[in-house]
Amino acid sequence: MTLCLVAGVVGGCKGAPPAVDAQASKQDRPGEGRERRMPALEGPPGSVAVGVNGAVSSAELHASRVGLAVLERGGNAVDAAVAVGFALSVTHPSAGNIGGGGFMIVREASGRARAIDYREVAPAGATRDMYLDEEGTPTQDSRVGARAAGIPGDVAGFALAHTKYGTMAWSELVAPSVRLAREGWPLDQFHADDLARAAGRMHKLGFHDSAKVFEQDDGTSYEPGDVWRQPDLADTLQVIATRGPRAFYEGPLATALVTGVRQLGGLWTEADLRAYTAIERDPVDFEYHGHRIITMPPPSAGGVVLRQILAGSDHLEMSTHAWQSSAMVHLYVETLRRTYADRNELIGDPAFVDVPMEELLSTAYVANRLASVDPNRATPSSEVGAGLPLPAESPQTTHFSVVDGAGNAVSNTYTLNGGFGAKLVVPGTGVILNNEMDDFTAKPGTPNMFGLVQGPQNAIEPGKRMLSSMTPTIVEKDGRLRAIVGSPGGPTITTTVAQIILQIIDYDRTLPAAVSSARIHHQWLPDKVRVERRTPAALRESLRGLGHTVEEVRWGAGNIGHANCIEVDPATGGFRAVADTSRDGGGAVAF
Ligand code: GLY
């Protein structure tokens, strides 16, 4: 089979799309059962790949290619997603990982959908006030260093998905990542810069051994085109490939991880690792304007917030206004202000706190919450709560989407939390530690890294999962797959997903157009409409005229999110994978 791929930053679709044996392909697609033609290529040049047999969109091209190769060998979307998840731990180290956690939505071709929760948990030694100093002031320990790390869930999550839904041998899915780590891969400009920045930051923090992983033997930075090898990570992945996923949680590798973390001052124990389990959950599953939306339940707040935003859109009839007109954005922001107040106060790990799901998901509740919206004036967040500043740390999570020819689909978002997590590599393992403990409420009323002001529902407790915003989502129309959507970006994840869904459902936009539209965010506190650098000045001024405080985001290239998504073209039934070019990096592939 000829491969037609288009990468976000590398190369382009080489010539005409491959010829497809329509009859054979149709027989291979029992779940969808509809003839599909190759859709036309469209969208920003170099960011879109089209195909009918499978597609992958992720933050990094080598990783996307790993997933595509699995699909070409006959693996299904879950097989490919597991392979991509491991590959990104090698090729997108700021966020791709095996030392963090995340969430996955699996939608089988039959339409049956499940949510896989592989969020990190607090170690048994964690305590409610562990990040407060003697004066009760939060310290940096929840963000930097080994004490910031929760017990990782990735390997267990991928294993659960693979056991329940995969078809290929586990070792075959990990093997490409072992190869990438051992043999290395040529860095592009984005990743060369990323490694140099990470090493610099680690040196500044005194984490010199960790910094060495990201620089040359002589201490200089890698240049674009240099091949980056990670022998320790290759050995770790080889153990996981050969001995299976439990090898991360018990045995010599687990001992090495715990010993390393404890030497660095962390709290992990071997019992913590042994006890970790990924959980299969019922997704948040609801109808919006003739579409089925399948998304993540707590301990991610993403699904609840997405439900409330879309219910708000319906109640306030946002789509009667032009996309990103000031009237539309005003109603959208007023919805977010109220929704995020709920997110921060009412949601936590359902194993530890009662989350009023029925109420939060009901349209009547959302309508009631929106009764105070003034169409002509911003409601100050101080009338809902108190405001605090949002720091400039770039939210570094990563999302990838996978579909196979049968219509099985995976939407996966996972993370180390901040870029390169706790800025520490466990010695001898290549495993980068997450700083996910910062997603807990260190102190009610005090903002976390993302400026989120959260409540006691999300307080630290041993074994508890910290609240998340990750929103891996799948959209269906008339029982058929329509789109796979998700993004990184801390609290901006859910608003990024909501804006893409609003555009494809209510504004009839193609996915490339929806992904390339400037994004806008509000999270109750701080009381600021956050806009991207590319947001038109006229819109900013109109919003200010309605009483909003508008501020351009300060991280990265002044952008929000990185939505690597896939849609089924309604006109042709073909797949269109879209790599988000608003940040560097990204690879969309299809065949
Ligand atoms: N670490 C970001 C989130 O889970 O929302």
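Before any of the text, the structure's been laid out above.
Below is a summary of the structure that appears in this document. What you see is a predicted model, and the numbers here were worked out from it, not measured in a lab.

Conventions adopted
- Residues numbered from 1 in each chain as written.
- Predicted model: local features only at pLDDT ≥ 70, side-chain atom pairs only at ≥ 80, totals over all residues.
- Heavy atoms only, no water.
- Near = heavy atom within 4 Å.
- Polar contact = N/O pair within 3.5 Å; in protein donor to acceptor, adjacent residues only side chain to side chain.
- Areas by Shrake-Rupley, 256 points an atom, 1.4 Å probe, with all protein chains shown as cover.
- Pairing = 2+ DSSP bridges.
- Helix = DSSP H or I, 4+ residues; strand = E, 2+ residues; numbered from the N terminus.
- Salt bridge = Lys/Arg side-chain N within 4 Å of Asp/Glu carboxyl O.
- Buried < 20%, exposed > 50% of the residue type's maximum accessible area, 1.4 Å probe, protein only.
- Phe/Tyr/Trp six-rings, centres within 6.5 Å; stacked < 30°, edge-to-face > 60°.

**Description of the site of the ligand**
In step 1: Looking at the ligand, the residues that line it are Arg119, Asn417, Glu436, Asp439, Phe450, Ser468, Ser469 and Met470.
In step 2: The contact in question runs from a nitrogen atom of the ligand to an N or O atom on the side chain of Glu436, over 2.7 Å.
In step 3: Ser468 has a polar side-chain atom sitting 2.7 Å from an oxygen atom of the ligand.
In step 4: Contact with the protein chains hides 99% of the accessible area of the ligand, taken as 200 Å² for the molecule alone.

**Digging into the sheet that holds strand S17 (residues 520–521)**
In step 1: Reading across from one edge, S17-S18-S19 is the order of the three strands in this open sheet, with mixed pairing throughout. Each edge of the sheet is formed by a strand with only one pairing partner; in this case those strands are S17 and strand S19 (550–552).
In step 2: Here strand S18 (residues 529–531) pairs with S19 via three bridges, running parallel. Residue Val531 lies in a different strand from S19, and its bridge partner there is Glu552.

**What about the pattern of salt bridges?**
In step 1: Applying the stated criterion across every chain yields a total of 35 salt bridges.
In step 2: The partner of Arg544 in a salt bridge is Glu541, and the shortest N-O contact between them spans 2.7 Å. Of this pair, Arg544 and Glu541 both sit in helix H17 (residues 537–545), separated by three residues, roughly a single helical turn.
In step 3: Assessed through its relative accessible area of 48%, Glu541 is described here as partly exposed.
In step 4: Across the pair Arg576 and Asp569 runs a salt bridge whose closest N-O atoms are separated by 3.1 Å.
In step 5: Where salt bridges share partners, they join Arg107, Asp285, Arg292 and Glu476 into one cluster.

**A word on the packing of aromatic side chains**
In step 1: Within the structure shown, the criterion is met by eleven aromatic pairs.
In step 2: A ring pair is formed by Phe400 and Tyr414, whose centres lie 5.9 Å apart and whose planes are at 85 degrees; its orientation type is edge-to-face. In this pair, Phe400 is assigned in strand S11 (residues 395–404) and Tyr414 in strand S12 (residues 409–418), connecting sequence segments 14 residues apart.
In step 3: Relative accessible area serves as the criterion here: at 0%, Phe400 is assigned to the buried category.
In step 4: Owing to a relative accessible area of 0%, Tyr414 belongs among the buried residues under this scheme.
In step 5: Among the aromatic side chains, those forming a connected cluster through ring pairs are Phe86, Tyr118, Phe158, Trp170, Phe400 and Tyr414.

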